[in-house]
Amino acid sequence: MTVAADIAVFETLESEVRLYCRTFPAVFSRARGAELHAEDGRVFIDFFCGAGTLNYGHNNEHIGRRLTAYLADSGLAHGLDLHTVAKREFLTRLRDVVLAPRGLDYKVQFCGPTGTDAVEAALKVARKATGRRGVIAFCGAYHGMSRGSLAVTGNRRARAAGGVGMADVMFVPYEDGPAGRFDSIGYLERMLADPSSGMDVPAAVIVEPLQMEGGLYPASVPWLRRLRELTERHGVLLICDEIQSGCGRTGPFFCFEHAGVVPDIVTLSKALSGYGLPLSVTLLRRDLDVWAPGEHTGTFRGNQLAFVTATAALELWERADFQAGLVTAGARLHRFAAWVRETQPGVTVRQRGLAMGIDLGAAGGPARAGRVQRQCFENGLIVERCGREDEVLKVIPPLTIDPVTLERGLAVLLDALGRPGQAAAGVTARAASPAAVRVAGTR
Ligand code: PMP
């Protein structure tokens, strides 16, 4: 006999704003690597990883050992922006493993704990450094839920909920999107070059080198290069939001590395701590560090435990087995993407490294994507959706996933999509749960 999960306290006490628990109805108790365990004994393969936070899997052993040793030694847990040993080790490791080998001469600003804090700091410092107010953002963008970052986020419903207006932000279509391709750079070039275009020269352009929430659209190498060249020529700062696309999700540490460009400002968070602990940073070109002491603060900007786990996570980047695993898993997703394209009529697949979007927009739409997602969940796989209408299955397994678990997860996904010759999940109609109604493209 299955005992109904005790979720009374969530339903009576927790706000209606909760989201993921409605899509993945279980009460989770333990997790390890790519697996999540529910208290009723079900085990799930996790192709969602805390919205791109758990790039090294749940409770990564190497990282966890460092954390428990640090706690056992009474290391500081909280430290504002005091100098601490944990922060020194993190900064040193970040410089040696990430910045110096790529020739990046950034200053590191520790922000409040989450991604949106890094975006707020980036926008603020860009405006302060240039003395201009305008920012250009892209349709489909997701940069966070606090007021400044919501203003550069595309989703209408999320913007309305935040009471955010258009002041000082101009949206331009991204290179690709559900409505097709657009010559964003040509358009921007024309607007910036024409002294009577009505567009003031902005402080910055903010861009995700891979739009995740918008539907998993990677910017092409030429597009990002042209954007860099254009912004440089007009003295406009280029902010790359790497909060979800960074920390190895697409192969290299930063997604912008594919294009060989160097942004002026970079935001990082989510997988940076490597263990799911809140940590966010804004990387600033050295001359853009125009802050006066204390001009931008935050109580939790010195999350020492996250410094410890982030330092351990960066050690993984120096290990050949980690690098090899990343390449192998990326190649497997690449082959899977090609196979789905070949065998699933109307389905578009976009993939870069360990980020894959299976777009059902023209092959059953959001309703089918919902059915595939639910079937995956019933068969032990957690996969989230993204895109304007939640029509894209977002497949983001841990970078450290072992080949056998990856294969098992892909098999569940394939079954739910409908193996060629079989009835696809898109054909067997099942009532959509009202809980699935939500603000699409906004995580
Ligand atoms: N930028 C991007 C690209 C994101 O994906 C997210 C989160 N989904 C954010 C910013 C905001 O991060 P947080 O939810 O931690 O505030």
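From a predicted model like this one, the values you see are computed outputs, not experimental measurements.

### Some details on the pattern of salt bridges
Pairing is possible between side chains that carry opposite charge, provided their charged atoms lie close to one another. Taken as a whole, this structure holds 28 salt bridges when the rule is applied. Between E61 and R65 there is a salt bridge, with its nearest N and O atoms 3.8 Å apart. In this pair, E61 and R65 both sit in helix 4 (residues 61–72), four residues apart, roughly one turn of the helix. For the pair formed by E61 and R65, the shared burial category is exposed. Here E407 ties to R332 by a salt bridge, and the two come within 2.7 Å at their closest N and O atoms. With E407 in helix 14 (residues 403–417) and R332 in helix 12 (residues 320–343), the pair connects residues that are 75 residues apart, well separated along the chain.

### Brief notes about the side chain of Q373
With respect to the element layout, Q373 can be found in helix 13 (residues 365–378). Taking the relative accessible area as the measure of exposure, Q373 reaches 3% and is therefore buried. Here the side chain of Q373 touches E384 through a polar contact of 2.9 Å, side chain to side chain. What Q373 contacts, discounting residues up to four positions off in sequence, is T23, F24, V383, E384, R385 and L393.

### Some thoughts on the confidence of the model for the protein
Taken as a whole, the protein shows an average pLDDT of 94; of its residues, 94% reach a score of 70 or greater. Looking at the elements of the protein, mean pLDDT is at its lowest for helix 8 (residues 156–162), recorded as 90, and at its highest for strand 10 (residues 237–241), recorded as 99.

### Observations concerning the pairing of strand 11 (residues 265–268)
The side-chain alternation of strand 11 yields two buried faces, one formed by I265 and T267 and the other by V266 and L268. Bridge count between strand 10 and strand 11: three bridges; the pairing is parallel. Bridge pairing links D241 to T267 in strand 11. Relative to strand 12 (residues 281–285), strand 11 runs antiparallel, the two being bridged by four bridges. From the neighbouring strand, V266 faces strand 12, where its bridge partner is L283.

### Comments concerning the sheet that holds strand 14 (residues 355–359)
Strand order in this open sheet of four strands is 13-14-17-16, and the pairing throughout is antiparallel. Of all strands in the sheet, those bounded by a partner on one side alone are strand 13 (348–352) and strand 16 (384–386). Recorded for the sheet is a direction-independent mean angle of 25° between the axes of neighbouring strands. Summarising the sheet, strand 16 and strand 17 (residues 392–395) pair through three bridges and their orientation is antiparallel. Residue pairing across strands places E384 opposite K394, the latter belonging to strand 17. Relative to the sheet, helix 12 contacts strand 13 and strand 14, its axis offset from that of strand 13 by approximately 170°. Sheet strands touched by helix 13: strand 16 and strand 17. Its angle to strand 16, the strand with the most contacts, is close to 165°.

### Regarding the packing of aromatic side chains
Going through the model one piece at a time under the given rule, you end up with 17 aromatic pairs. Pairing F24 with F48 gives two aromatic rings, centres 6.3 Å apart and planes at 40°, and the pair type is tilted. In this pair, F24 sits in the loop between helix 2 (20–23) and strand 1 (28–32) while F48 sits in the loop between strand 3 (43–46) and helix 3 (49–52), placing the two residues 24 residues apart along the sequence. Classification of F24 by relative accessible area gives buried; the value is 5%. An aromatic cluster of three or more residues is present, and its members are Y20, F24, F28, F44, F48 and F377. One Lys or Arg, R350, reaches over the ring of Y217 and ends 3.8 Å from the middle of that ring.

### Side note on the sheet that holds strand 12
Each strand in a sheet pairs with its neighbour through backbone hydrogen bonds, running either in the same direction (parallel) or in the opposite one (antiparallel). Read across the open sheet, the seven strands follow the order 4-12-11-10-7-5-6; overall the sheet is mixed. Of all strands in the sheet, those with a lone pairing partner are strand 4 (106–110) and strand 6 (169–172), marking the two edges. Taking each pair of neighbouring strands and ignoring which way they run, the sheet shows an average axis angle of 20°. Strands strand 4 and strand 12 of the sheet are contacted by helix 5 (residues 85–99), whose axis makes an angle of about 140° with strand 4.

### Here we look at the environment of H58
Along the chain, H58 turns up in the loop between helix 3 and helix 4. The spatial distance from the C-alpha of H58 to the C-alpha of A34 is 6.5 Å, given a sequence separation of 24 residues. Not counting residues within four places of it along the chain, the set of residues in contact with H58 comprises A31, R32, G33, E35, L36 and D46. Here the side chain of H58 touches D46 through a polar contact of 2.7 Å, side chain to side chain.

### A few points about the environment of F171
With respect to the helices and strands, the residue F171 is situated in strand 6. Put simply, F171 and E295 are 124 residues apart on the chain and 28 Å apart in space, counted from C-alpha to C-alpha. Setting aside residues up to four positions removed in sequence, F171 forms contacts with A137, F138, C139, A151, V152, T153, G154, R159 and M166.

What counts, and where the lines are drawn
- Residues numbered from 1 in each chain as written.
- Predicted model: local features only at pLDDT ≥ 70, side-chain atom pairs only at ≥ 80, totals over all residues.
- Heavy atoms only, no water.
- Salt bridge = Lys/Arg side-chain N within 4 Å of Asp/Glu carboxyl O.
- Helix = DSSP H or I, 4+ residues; strand = E, 2+ residues; numbered from the N terminus.
- Buried < 20%, exposed > 50% of the residue type's maximum accessible area, 1.4 Å probe, protein only.
- Polar contact = N/O pair within 3.5 Å; in protein donor to acceptor, adjacent residues only side chain to side chain.
- Contact = heavy atoms within 4.5 Å.
- pLDDT = per-residue confidence, 0-100.
- Pairing = 2+ DSSP bridges.
- Axes fitted to C-alpha atoms, helices over the stretch in contact; angles between N-to-C directions.
- Phe/Tyr/Trp six-rings, centres within 6.5 Å; stacked < 30°, edge-to-face > 60°.
- Lys NZ or Arg CZ within 6 Å of the ring centre and 35° of its normal.

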